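Residue-level structural notes
Next come the chains, spelled out residue by residue.
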Amino acid sequence: MRCNYCEWRCDLNENKHGVCKMYYEEKGVIKERFPNRWCTCGISKIESIPFYHAYPGSKSMVIGTSSCNFDCRYCSNSYIAKEEPAKQQEGNYEFTPEELVRMAQKQRCHNIVFNVNEPTVSMPSLIEVSQAAKKAGMSMGCLTNAYMTEEASDIIASIFSFINISLKGMAAEFYREYIGIKDGQPILRNIKRLARTNHIEVTVPVIQTINDHELDEMAGFLAEIDRDIPFHVFRLLPEYKMKDCEYPSIDRINESLMLVREKLNYVYFHNFVGSDWVNTVCPDCGAEVIERLSLGCGGDRLTRFHCLDNHCQVCGREISLLGSKTDWNIEGVLL
Ligand code: SF4
């Protein structure tokens, strides 16, 4: 039986668990090998995940599972994504969806975000968590590589109200050599699909000399969908099979963002301490409408919020944001 969660469309049976090693087939049903097993249930500010335009300043409970359907040569989470998932389970937590939601409530989180690995490898558990979260009035978000099938992208759209898609490159050769898949066409298709129905942000893990020359093309692709899609250029410090690579130059990447900034309204460059490019600037009058602090290693913080009902306080232009800051207090707690 074929799994239709992602574009690998693996042939599964009792002993064949697919590329991600997370599923098996039993009596015509695709089942998870490790349902409701979580590698983390931590607390984070939403900016650190990163989401800059979804519920800014809110407090999130972050969750993840095991494995991945990609084999990125530079993976910074390889100890989770590439480790044999059965081996990881000893260290994972087992929580029912209701327990997870109760923990998020107890920690006074506004939302739950699946990050760390890839949601398509744990879909049934995530569907259940989203049902429990909906009952509790809590929204969910995720990070994803968007290599899901069209059918699965509809499920992802129904589980998560805000989605950060990792667009790793444009060229098929890049995907073959650095990610281990045929090409990125399904990802581009899913960005278009999900942008129609959900709040999306897009992140490029930029690796100098490997994909930085494609930033302009990526921005052009996104601009044709919606110039307001927040675009995060994430200065990746390659790990795993590329850990000997030179660290990317901030100045050089910033130079290649000049044209990108003309194409898109919200362009950010971060994952290093003290970045000057983490504030949201009104696309019309240039006023800084949201100020943030970049602490590096995904430690971003909202510091000042100058929007009024999601509009620039200087010129009145609407700023593209999911949720209003009035929904939670300054500590990021749901009111
Ligand atoms: S989710 Fe896993 S089993 Fe299903 S098609 Fe993708 S890699 Fe294969």
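Structural notes, computed from the coordinates. As the structure is a computational prediction, the values presented were derived from the model and not from experiment. (Residues numbered from 1 in each chain as written. Predicted model: local features only at pLDDT ≥ 70, side-chain atom pairs only at ≥ 80, totals over all residues. Heavy atoms only, no water.)

Moving on, we get to empty space enclosed by the protein. Picture a little ball the size of a water molecule; that probe, rolled over the atoms, points out where space is still empty. Inspection of every chain in the model, using the stated rule, returns one cavity of 30 Å³ or more. If you add up the space inside the largest cavity, you get close to 100 Å³. Taken together, 15 residues make up the lining of the largest cavity; nearest its centre are Cys3, Cys6, Cys10, Cys20 and Tyr23. Here the residues of the lining of the largest cavity are counted per class, giving 10 nonpolar, four polar and one charged. (1 Å grid on protein atoms, 1.4 Å probe; cavity = no way out; pocket = protein on both sides within 12 Å on 5 of 7 lines; lining within 4 Å. Points joined across faces, edges and corners; volume = space filled by probe spheres on them. Nonpolar A, V, L, I, M, F, W, Y, C, P; charged D, E, K, R; others polar.)

Attention now moves to the sheet that holds strand β10 (residues 199-206). Each strand in a sheet pairs with another by means of backbone hydrogen bonds, the pair being arranged parallel or else antiparallel. The strand order β4-β5-β7-β8-β9-β10-β11-β12 describes an open sheet built from eight strands, whose pairing is mixed. A single partner strand is all that each edge strand has here, and the edge strands are β4 (40-45) and β12 (267-270). Neighbouring strand axes in the sheet, compared pairwise and without regard to direction, differ in orientation by 20° on average. Here six bridges tie β4 to strand β5 (residues 59-64), and the two strands are oriented antiparallel to one another. Its bridge partner lying in β5, isoleucine 43 is registered against methionine 61. (Pairing = 2+ DSSP bridges. Helix = DSSP H or I, 4+ residues; strand = E, 2+ residues; numbered from the N terminus. Axes fitted to C-alpha atoms, helices over the stretch in contact; angles between N-to-C directions.)

Here we take up the environment of threonine 303. For threonine 303, the position within the fold is in strand β15 (residues 301-305). As for threonine 303 and isoleucine 290, which are separated by 13 residues in sequence, their C-alpha atoms are 7.8 Å apart. With residues up to four places along the chain from it excluded, the contact list for threonine 303 reads Glu291, Arg292 and Leu293. (Contact = heavy atoms within 4.5 Å.)

Here we come to the packing of helix α4 (residues 123-135) against helix α5 (residues 150-159). A pair of packed helices is characterised by two quantities: the angle between their axes and the separation of those axes. Where α4 contacts α5, the axes come no closer than 10 Å and their chain directions differ by 30°. Of the possible angle classes, the one that applies to α4 and α5 is roughly parallel. When the axes of α4 and α5 are compared, the crossing they make is left-handed. Residue-level contacts link Met123, Leu126, Ile127, Ser130 and Lys134 of α4 to Ala152, Ile155, Ile156, Ser158 and Ile159 of α5. Its residues assigned to classes, the contact of α4 with α5 shows seven nonpolar, two polar and one charged. (Parallel < 35°, antiparallel > 145°, perpendicular 65-115°, else oblique. Left-handed = near helix turned anticlockwise from the far one by under 90°.)

A word on the pattern of salt bridges. Counted by the stated rule, this structure contains 16 salt bridges. For lysine 16, the salt bridge identified is with aspartate 11, shortest N-O distance 3.4 Å. According to the relative accessible area criterion, aspartate 11 is partly exposed, its value standing at 33%. Between glutamate 177 and arginine 73 there is a salt bridge whose closest N-O contact spans 3.7 Å. (Salt bridge = Lys/Arg side-chain N within 4 Å of Asp/Glu carboxyl O. Buried < 20%, exposed > 50% of the residue type's maximum accessible area, 1.4 Å probe, protein only.)

Next up on the list: the layout of surface pockets. There is about 1,200 Å³ of room inside the largest pocket. Lining the largest pocket are 41 residues, and of these Ser76, Asn77, Val116, Leu143 and Phe234 lie nearest its centre. Looking at side-chain class alone, the lining of the largest pocket contains 21 nonpolar, 15 polar and five charged residues. Put simply, the second largest pocket is a space of about 210 Å³. The wall of the second largest pocket is formed by 14 residues, among which Asn265, Tyr266, Val267, Asn279 and Val281 lie closest to the centre. Listed by contribution, the elements that provide at least two residues to the lining of the second largest pocket are β12 and β13 (280-281).

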